[in-house]
Amino acid sequence: MDLMGTRIQTLRKNKGITQGQLAEVLSVSPQSVSKWENCLSTPDISLLPVIARYFGISMDELFGYRMEALSYRERFIRFMADNGVLRFGEFTLQSGRVSPCFINTGSYRSASQISKLGEFYAECIREHNVASGILVGNTRRDIPVMIATGLALFNRWGIDMQYAIDGSVGKQLEAGDTVTLIKDTLTTGSTLKENLQAIRSSTGARVTDIIVSVDRSEKGALQSQTARKEIESAYGVKIHSIVTMDDIIRAVENGIVGGMEHVDALRSYKEEYGGE
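As the structure is a computational prediction, the values presented were derived from the model and not from experiment.

A closer look at the overall build of the protein chain
- The secondary structure content of the protein chain amounts to twelve helices and nine strands.
- At 21 Å, the protein chain has a C-alpha radius of gyration in line with the 19 Å of a compact globule built from 276 residues.
- Once the C-alpha set of the protein chain is aligned to its principal axes, its extents read approximately 65 × 40 × 25 Å.
- For the protein chain, restricting intrachain contacts to residue pairs at least 6 apart in sequence, the fraction spanning at least 24 positions comes to 70%.
- Counting 31 positive and 33 negative side-chain charges, the protein chain places the averaged centre of each group 2 Å from the other.

Listed below in structure tokens is the structure:
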């Protein structure tokens, strides 16, 4: 019962509708939806197929998603959606492009969220066998994630990496050091280029790997390759992402998160702004 109510609440919030709007679709009272979500009752059995179809998921998924059957990428996309970081609609990005989805990493606000986020970054580092010896976070948004990533690497796998913050906390970066830079979302790459140039000029350290949560796979300044490929070529680094825009589109299509009504817009956006 608890899982059913929690699942309906998550699906509703991901879809961006109120309890009253869901009640209208299902021809029930808003009080009924409220009771489901507060685990005081469950929907009538005849409503279950209707609910599943409305949210674009299977009956098995409605009764209880088997999270252990999901890849860590799929779990991460669910994590972003459940925490209001991944949203669908119409959003104007800093680049001026109007996107059907938005990844707002500023929505991570609690210790539990940052701790879990660090685990996903650590899994990405492990998957790609990243060996650079020093973790670096060089913005206020990246620093908590960098610390959480280091803790997850040590607590789960016994990997003890040094860290550096602004040249004043942790390891003092110097010429010859190799660095893994922790960043959030990669879109056009303009901010990331500034970060790389600043590290190179102020410390002499060499950034060999960059870990981002989402690579939107969009065109860079050259308007041909993706920003990822452009930066890798220009700066001699390797960028590893937990997920890409293709992963998010597949997750929507497979019912891992809501947003089926935005799939066409997501694909059109990728076709227009995606790079080679």
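Moving on from the coordinates now.
Some points on the pairing of strand β9 (residues 238–244)
- Counting buried positions along β9 gives six out of seven residues, so the element sits mostly inside the fold.
- The pairing of strand β8 (residues 206–215) with β9 spans six bridges and is classified as parallel. Residue pairing for β9: isoleucine 210 is matched across the bridge by isoleucine 239.

Looking at the nonpolar core
- Phe76 and Met80 are the most contacted members of the largest nonpolar core, which totals 43 residues.
- When residues in this core are grouped by element, the largest group, seven residues, is from helix α7 (residues 111–127).
- Counting residues in hydrophobic clusters, the runner-up holds 19 residues, among them Leu173, Ile199, Val212 and Tyr235.

With respect to the packing of helix α11 (residues 245–253) against helix α12 (residues 263–273)
- Between α11 and α12, whose axes approach to 10 Å, the crossing angle comes to 165°. Comparing their axes, α12 and α11 come out roughly antiparallel. Between α11 and α12 the crossing geometry is left-handed. Across the interface between the two elements, Met245, Asp246, Ile249, Val252 and Glu253 from α11 touch Val263, Leu266, Arg267 and Lys270 from α12.

Re the state of the cysteines
- Counted under the stated rule, the structure contains zero disulfides.
- Sulfur of cysteine 124: no disulfide; nearest cysteine sulfur belongs to cysteine 101 and is 19 Å away.
- Judged by relative accessible area, cysteine 124 falls into the buried class, the value being 0%.

Notes on the side chain of histidine 262
- Along the chain, histidine 262 falls in the loop between α11 and α12.
- In contact with histidine 262, other than residues within four places in its own chain, are Phe88 and Gly89.

A word on the pairing of strand β4 (residues 162–165)
- Sheet topology note: the strand β3 (residues 134–136)/β4 ladder contains three bridges and is parallel. Residue pairing across strands places leucine 135 opposite tyrosine 163, the latter belonging to β4.
- Sheet topology note: the β4/strand β5 (residues 169–170) ladder contains two bridges and is antiparallel. Directly across from isoleucine 165, in β5, lies its bridge partner valine 169.

Re α11
- Listed as buried for α11 are Met245, Asp247, Ile248, Ile249, Ala251 and Val252.
- In the segment just after α11, glycine 255 is the residue with positive phi, at about 75°.

Overview of the packing of aromatic side chains
- Applying the stated criterion across every chain, the model contains six aromatic pairs.
- A ring pair is formed by tyrosine 269 and tyrosine 273, whose centres lie 4.7 Å apart and whose planes are at 50°; its orientation type is tilted. One end of the pair is tyrosine 269 and the other is tyrosine 273, both in helix α12 and four residues apart, which spans about a single turn.
- Every member of this aromatic cluster is reached through a ring pair, and the members are Phe76, Phe79, Tyr108 and Phe120.

What to know about the packing of α7 against helix α8 (residues 142–157)
- Their axes nearest at 7 Å, the elements α7 and α8 cross at an angle of 65°. When the axis of α7 is compared with that of α8, the two are roughly perpendicular. α8 is crossed by α7, and the crossing has right-handed handedness. Across the interface between the two elements, Ile114, Ser115, Leu117, Gly118, Glu119, Tyr121, Ala122, Glu123, Ile125 and Arg126 from α7 touch Pro144, Val145, Ala148, Thr149, Ala152, Leu153, Arg156 and Trp157 from α8.

Considerations on the environment of isoleucine 256
- Tracing the backbone through its elements, the reader meets isoleucine 256 in the loop between α11 and α12.
- For isoleucine 256, a relative accessible area of 4% gives the class buried.
- In the structure, isoleucine 256 is positioned 132 residues away from cysteine 124 in sequence and 20 Å away in space, judged by C-alpha atoms.

Cut-offs used in this document
- Residues numbered from 1 in each chain as written.
- Predicted model: local features only at pLDDT ≥ 70, side-chain atom pairs only at ≥ 80, totals over all residues.
- Heavy atoms only, no water.
- Helix = DSSP H or I, 4+ residues; strand = E, 2+ residues; numbered from the N terminus.
- Rg over C-alpha atoms; globule rule 2.2 N^0.38 Å.
- Contact = heavy atoms within 4.5 Å.
- Lys, Arg positive; Asp, Glu negative; His and termini not counted.
- Charge placed at Lys NZ, Arg CZ, Asp CG, Glu CD.
- Buried < 20%, exposed > 50% of the residue type's maximum accessible area, 1.4 Å probe, protein only.
- Pairing = 2+ DSSP bridges.
- Core = buried A, V, L, I, M, F, W, Y, C linked by side-chain atoms within 4.5 Å.
- Axes fitted to C-alpha atoms, helices over the stretch in contact; angles between N-to-C directions.
- Parallel < 35°, antiparallel > 145°, perpendicular 65-115°, else oblique.
- Left-handed = near helix turned anticlockwise from the far one by under 90°.
- Disulfide = S-S within 2.5 Å.
- Phe/Tyr/Trp six-rings, centres within 6.5 Å; stacked < 30°, edge-to-face > 60°.

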